[in-house]
Each structure stands twice: as C-alpha cells, then as structure tokens.
Amino acid sequence: MSSLHLRILKFGLAAAVLTLAGRASALQPLESFLRGARDASPDNAEARAARAQASAGTQAALGRALPGVSLLGTYTRNQYETRIPSATGPVVLTPRDQLDGYATIHVPLVDLATFARIGAARAASGAAAEQQDATELRVQSLVSREYHQLVASQALVQASRRALDVSRAGLRIAEARHGAGSTALLDVDRARAEVERNVQQVATAELQVSLAARALRSLSGMEPELEGEVALGDDLHEEAPIESFQARDEDVPAIAAAVRARVAEEREAWARRLVLVPSLSASATEHATDYTGLAGHERTWQAVVSLSWSFDLTTLANMRAQDAVADGARAREERARLAAHDDVHSAWMTVRTDIARSRSARVQAEVSQRAAGLALERYQAGAADQLDLLQAQRDAFNADAARIQADAEVSDARAQLRLAAGRNLLDAREPPPASPQASP
C-alpha cells in the first residue's frame, strides 16, 4: 500500500510538471500594459494637460509683444440736445442720439521686459514637454513593477498549489500507514496540519495576485488575463558596463525638464530687471460717428506714440523674489542630476545583485527539491521520521518561492535600469527588456 501511494505521488508530480510545460501564458506581454498606461494613466493625462497649458502660455506671451486690434462701438442718448446759433443755421454741440465706432491698432515698439518673458515662456513650455516624458517613464516604472509582481504572484500560486497537492498526497500516505498500523496517529495529525498550512499559503498567494492585478489595471486601463499558467525566465546575462547607461543630461527627461525650468526662471528674473527700462509703443485709432460736430467729418483718425516708465518699491521686491526663485530652480536642477545618476548606479547594481541572487536561488530550489524527494523516499523506507519530511518539503517550497521572486526581480531590475537611463521601454530603437516568458 505504501509503495503504491509513493508511485502515485511521483506520477502526480511528474504529470503536474508536464502539464505546466504544455500550457501557454494567457497574461498579456508587458508592452501591452505600457501602451495602455500611455493613454489611461491619470498621471500621463495630467502631464499632457500641463504641457498644453504651458504651450498656450507661450502663445499668450508672444501675443503681448505683437500688434493688437481693438474695436469699440457706443450709442449715446442725451436728455437734452445742445445747439448754438450761427450764420448758416444752428450748430448741434450735443446731439440727442449719437453713434460712435472706434478701431484701434496697438503696436509695442520697444518693450524689453515683454520680449524677455517670451523666452521664459518658451523655456517653461519646453520644461513641460520634458516633464511629460519624465512622467511617462515614471508611469512605466510603476507598470513594470506591478507587472512583474503579478507574474511572480501567479507563479507563487502555482507553487503553492503544487505544495498543497504534495501535502495532500502525504496525508493520504500517513493515513494509509496508520491504517496499516505502521505509524502513530500523530503523523496523521501533522500531515493534516501541513495540508491546512498550504491551504492558507494558497489563499495568501491568490490575494497577492488579486491586488497586483487590480493595481496593474488601474495603471494601464487593461484587464490582465489570469487564466493561463505563467513561467519566469531570464538568461541571467550580465548588463553592459554602467558607463553605457550614463546618458547626457538632455537625454534624460527628468534632468532636461529641470534644466529648462531653471532657464525659464532665470529669463523671468532678467525680465523683472528689464522693467526698469522705459517701454515705447504706438497706436492708431479710426473714429467713425453719425455726428460730425464742429469738425465737420464723420471719419477721423488719431496716431499716438507713447513712452512710459514706472518705478516703486515693489519693483525691487519682485526682482529679489524672482532671483530667489531662480536660485531654487538651480538647486532643483542639481538635485535632479544627482538623483538621476544615483538611480542609474542603484539600478545597475541591483541588476548585478539580482542576477547573483537568481542564479543562487535556482540552484537552491533544485537542491531543495531533490532533498524533499529523498526525504520522502527515506520516510517511506522508515529511515526518516515525518518531521524530517515536513521540514524538507517546507524548505523546498520556500526555495521555490525565493526563486520565483528572484527571477521576477531580475526582469524588473533590467527594465528599471533602462528607465533610469532615460530610455522609453516602448522605443523601437531599444530592444525590449527581459521579461517573464510563457512556457513553450
């Protein structure tokens, strides 16, 4: 009876492995979720809106430096009509009803402060564009992390279910041996407790799958397919030297955005100083009326050239305030540069460490699995007690879980490294990062 159950157990494990190898993953590839997040992510939508707002601000700043046209129409109703006598007849000074129309063209001739603000607005618009790219990379980082966590959780569910099947088979063996009088009831209770422990492990793993799937759906707007089996795979190749990931400042959106923001604030500070320079403008107005009055003309025009200058204590205060804003922008630029370089170093070292951990975890899982099989054979032969068997099986499961997590972290770390270097994961020029692969 015991030998028969042992053969059944081994056959069941082999069938489970073959079944897993024969199924294809139903989970969409990482690129699908990245494309979905590009349109569905609220962060990306907010960044696009900020860029559109900055672009409109640039047009508004330019418009203040270009000629403008204004139209005005009035109707006047006076209580009394005023007339004075003349040799040719009475002359109306104030008509009872009067219609007037004015068309005015305003032309700024010299306004250095306004011209400087145009440059500041353009730099701010460029900063918003770079910030949009930086936001997309940040969203991709979140998507990659949740995606690989989902894949790891799915694999952990599979491992937990396999461990549950093994523990249930062990319970049947313990019950058979107890029925044959070769073992105590304590072994049956221990086997039953092990089954319940694995039931809890399956429930916990399924909860992690649900949470990761929900987070991924919120980020990408796509519903993950969770029906198929998923296998983790990475060839554990070493990455290129870290110097190849240290990109120029203008190629890293986070740094480029900070640089452009600093330029915008510096130009705005210069514009505040140019307020002290007088501004020169011109205007021309065409006046049309149904009352000619003393002038005797229904249409008249007027041209004006004006030179203006103003100064008060708030002008100096505004200059000092904007200088402080520019100093803050320079500090943020340096912080962004240091953070970007640190992120590349951290991501590159993480990939290197995760490769070593994954390689070790794979060996540990393989050895632990063999040890669990040997412990089962020794238990069947009466050369080992049940505690040794349960411990070996727990060690095998823990090692398998560690392998799953390590493999997922390697794939995610490769993606995070490219994102830290300013590379978009959807850029066709960059080969896609290593990601979980479906079983053939």
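Residues numbered from 1 in each chain as written. Predicted model: local features only at pLDDT ≥ 70, side-chain atom pairs only at ≥ 80, totals over all residues. Heavy atoms only, no water.

The chain appears in an unreviewed UniProt entry as Outer membrane efflux protein from Anaeromyxobacter dehalogenans.

Side note on the overall build of the chain
Along the backbone of the chain there are eight helices and six strands. Counting helices and strands in the order they occur from the N terminus, the chain gives α-α-α-β-β-β-β-α-α-α-β-β-α-α. Its C-alpha radius of gyration of 38 Å places the chain more than 25% over the 22 Å reference for a compact globule of 440 residues. Total accessible area on the chain is roughly 24000 Å²; 56% of this is exposed by carbon and sulfur atoms. Considering the chain, the positive charge centre built from 49 side chains and the negative charge centre built from 56 side chains are found 1 Å apart. (Helix = DSSP H or I, 4+ residues; strand = E, 2+ residues; numbered from the N terminus. Rg over C-alpha atoms; globule rule 2.2 N^0.38 Å. Areas by Shrake-Rupley, 256 points an atom, 1.4 Å probe, with all protein chains shown as cover. Lys, Arg positive; Asp, Glu negative; His and termini not counted. Charge placed at Lys NZ, Arg CZ, Asp CG, Glu CD.)

Considering the environment of Ala 371
Within the element layout of this structure, Ala 371 appears in helix 7 (residues 313-381). Measuring from C-alpha to C-alpha, the distance between Ala 371 and Glu 196 comes to 22 Å, with 175 residues separating the pair along the chain.

Some remarks on the sheet that holds strand 1 (residues 68-77)
Sheet architecture is open: four strands sit in the order 1-4-5-6, paired in antiparallel fashion. Edge strands, defined here as strands with exactly one partner in the open sheet, are strand 1 and strand 6 (299-308). Neighbour to neighbour, the strand axes of the sheet diverge by 20° on average, direction disregarded. Relative to strand 4 (residues 97-110), strand 1 runs antiparallel, the two being bridged by ten bridges. Bridging across to strand 4, Thr 76 finds its partner in Gln 98. (Pairing = 2+ DSSP bridges. Axes fitted to C-alpha atoms, helices over the stretch in contact; angles between N-to-C directions.)

A short note on the nonpolar core
The nonpolar side chains of soluble globular proteins are, as a tendency, buried together. Counting 30 residues, the largest nonpolar core has Leu 27, Phe 33, Leu 34, Val 143, Tyr 147, Leu 150 and Leu 216 as the members making the most contacts within it. Put simply, the parts of the chain that give this core at least two residues each are helix 2 (30-40), helix 4 (112-179), helix 5 (185-220) and helix 8 (386-420). Considering every element that reaches this core, the biggest residue donor is helix 4, with twelve residues. If you look at the next biggest cluster of nonpolar residues, it comprises 14 residues, including Ala 174, Ala 372, Tyr 379 and Ala 392. (Core = buried A, V, L, I, M, F, W, Y, C linked by side-chain atoms within 4.5 Å. Buried < 20%, exposed > 50% of the residue type's maximum accessible area, 1.4 Å probe, protein only.)

A few points about a nonpolar patch on the surface
On the surface, Leu 109, Val 110, Leu 112, Phe 115, Val 277 and Val 305 cluster together to form a nonpolar patch covering roughly 460 Å² of accessible area. Counting only elements with at least two residues in the nonpolar patch, the list comes to strand 4 and helix 4. Following the sequence through the fold, Val 305 ends up in strand 6. (Patch = residues over 30% accessible without salt bridge, like charges linked within 9 Å, V, L, I, M, F, W, Y side chains within 5 Å. Salt bridge = Lys/Arg side-chain N within 4 Å of Asp/Glu carboxyl O.)

Focus: helix 8
The terminal C-alpha atoms of helix 8 lie 50 Å apart, and with 35 residues this matches the ideal 51 Å at 1.5 Å per residue to within 8%. A large share of helix 8 lies buried, amounting to 25 of its 35 residues. Within two residues after helix 8, Gly 422 carries a phi angle of roughly 85°, on the positive side. (Expected span 1.5 Å × (residues − 1).)

Focus: the side chain of Thr 114
By the element assignment, Thr 114 lies in helix 4. At a separation of 2.8 Å, a polar atom in the side chain of Thr 114 contacts the side chain of Asp 111. What Thr 114 contacts, discounting residues up to four positions off in sequence, is Ala 61, Arg 64 and Ala 65. (Polar contact = N/O pair within 3.5 Å; in protein donor to acceptor, adjacent residues only side chain to side chain. Contact = heavy atoms within 4.5 Å.)

Quick notes on the pattern of salt bridges
Across all of its chains, the model carries 33 salt bridges by this definition. In this structure, Asp 251 engages Arg 248 in a salt bridge whose closest nitrogen and oxygen atoms are separated by 2.9 Å. Residue class for Asp 251 comes out partly exposed when judged on its relative accessible area of 35%. The salt bridge partner of Asp 400 is Arg 403, with a shortest N-O separation of 2.8 Å. Of this pair, Asp 400 and Arg 403 both sit in helix 8, three residues apart, roughly one helical turn. Of the residues examined, Asp 400 reaches a relative accessible area of 14% and is grouped as buried. One network of salt bridges, with partners in common, ties together Asp 249, Arg 262, Glu 266, Asp 327, Arg 330, Glu 333, Glu 334 and Arg 337.

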